[in-house]
Amino acid sequence: MSDLGLSNKIALITGGTRGLGRAIAEKLAEEKVKVVVTGTNEDRANRVANEISLAYNIETLSLKHDVSSEESTKEVVKCIIDKSKRIDILVNNAGITSDGIMMMMKKENWNKVLNINLTGAFNCTKFVSKHMLKQKSGSIVNITSVVGVTGNVGQANYSASKAGLIGFTKTVARELADRGITVNAVAPGYISTDMTSKLSDKISQEILCKIPMKTYGSPESVANAVLFLVSNMSQYITGQVINVDGGMVMY
Ligand code: NDP
């Protein structure tokens, strides 16, 4: 097996406590990356970090974190730097939905989704990339969504945040490309997690009809794409969006 060059690297995975974030944290832990998992629920973050540490025999760190808050993000990055002196990988994964058709959508629900999904990634990238610039190395992966490209009825806020994340990825990739830092995005289609378990059976069936592979993806399929993008297998790849969607969206 080839060495992916990840052993002992330090990775911050926002929203690493459940669903895709947890799968990403475990996938990196398997490669001996020291993972920092964050979420708004401190107990869950502590429990998950302990479980990962025991399962993969690596050091982990858990921190309470609200990505939408500059202060909270500054504090999280400071804790990581105080403890580990560096930060090699950032996965901007934390995200929420708050669906409703646009005409009925309250501004509060628009702002909440944009603040967490898009401004959250800005906050984390800003504070983390400062250290990556000093190190002259780093990998950033933003978890966007296919609906950022296709749009989706009832998700004006969510799809706008995910479309914004794609533009953000490409811009930051250009800004940091000659500093040894890659910035890419992974766009999942429909993956079985708490987020999609909220969908009604009717909607789930409608979605399945639109997936050429006729099945929802697993969190691990997304984690595999992230692993590739943070490993030495993708050193010459930046500013790209990889769809993990069973063929739902083809350009
Ligand atoms: P889940 O709802 O299962 O998990 C969301 C994670 O984000 C949790 O760990 C949660 O932790 C954390 N989180 C929520 N709000 C905040 C916040 N303000 N600050 C920090 N962490 C926060 O979602 P998924 O795993 O399904 O989704 C993960 C990402 O993938 C999201 O960005 C989502 O938009 C994207 N995605 C998911 C798809 C899917 O089909 N599941 C498809 C396309 C994209 P806590 O509960 O402790 O706050």
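Residues numbered from 1 in each chain as written. Predicted model: local features only at pLDDT ≥ 70, side-chain atom pairs only at ≥ 80, totals over all residues. Heavy atoms only, no water.

An unreviewed UniProt entry lists the protein chain under the name 3-oxoacyl-[acyl-carrier-protein] reductase, with Clostridium pasteurianum BC1 given as the organism. The protein chain has a UniProt comment under Subunit (unreviewed entry) that states "Homotetramer." Listed in UniProt under the heading Catalytic activity (unreviewed entry), the comment for the protein chain reads: "a (3R)-hydroxyacyl-[ACP] + NADP(+) = a 3-oxoacyl-[ACP] + NADPH + H(+)". (UniProt positions renumbered as here; feature names shortened; annotations may be inferred.)

**Observations concerning the UniProt feature "binding site: NADP(+)" (unreviewed entry) in the protein chain**
In the UniProt entry, the feature "binding site: NADP(+)" (unreviewed entry) is given for Gly15, Gly16, Thr17, Arg18, Thr40, Asn93, Tyr158, Ser159, Ala160, Ser161, Lys162 and Ile191. Across 177 residues of sequence, these annotated residues are also dispersed in space, with a maximum C-alpha separation of 24.5 Å. Within the secondary structure, Arg18 is located in the loop between strand 1 (10–14) and helix 1 (19–30). The contact partners of Arg18, leaving out residues within four places of it in the chain, are Arg44 and Asp194. Along the chain, the position of Ser159 falls in helix 6 (residues 156–176). Overall, Ser159 belongs to the buried group, its relative accessible area being 13%. Setting aside its immediate chain neighbours within four residues, Ser159 contacts Val147, Gly148, Gly151 and Asn152. (Helix = DSSP H or I, 4+ residues; strand = E, 2+ residues; numbered from the N terminus. Contact = heavy atoms within 4.5 Å. Buried < 20%, exposed > 50% of the residue type's maximum accessible area, 1.4 Å probe, protein only.)

**Describing the site of the ligand**
Close to the ligand lie 30 residues, the nearest being Thr17, Thr40, Asn93, Tyr158 and Thr193. At a separation of 2.8 Å, an oxygen atom of the ligand approaches a polar side-chain atom of Arg18. One nitrogen or oxygen atom from the main chain of Asn41 is found 2.9 Å from an oxygen atom belonging to the ligand. Within the complex, 95% of the 890 Å² of free accessible area of the ligand lies under protein. Of all the secondary structure elements, the ones that give two or more residues to the shell around the ligand are helix 1, helix 6 and helix 7 (194–197). (Near = heavy atom within 4 Å. Polar contact = N/O pair within 3.5 Å; in protein donor to acceptor, adjacent residues only side chain to side chain. Areas by Shrake-Rupley, 256 points an atom, 1.4 Å probe, with all protein chains shown as cover.)

**Observations regarding the sheet that holds strand 3 (residues 61–64)**
Two pairing modes exist for strands in a sheet, parallel and antiparallel, and in both the strands are linked by backbone hydrogen bonds. Reading across the sheet, the 7 strands line up as 3-2-1-4-5-6-7 and stay open at both edges, with parallel pairing between neighbours. Every interior strand has two partners, whereas the edge strands, strand 3 and strand 7 (241–244), have only one. With strand direction ignored, the average angle separating the axes of adjacent strands in the sheet is 20 degrees. Relative to strand 2 (residues 34–39), strand 1 is paired through 5 bridges, and the arrangement is parallel. Counted as the bridge partner of Leu12 is Val36 from strand 2. Helix 2 (residues 42–56) rests against strand 2 and strand 3 of the sheet, and its axis sits at about 170 degrees to strand 3. (Pairing = 2+ DSSP bridges. Axes fitted to C-alpha atoms, helices over the stretch in contact; angles between N-to-C directions.)

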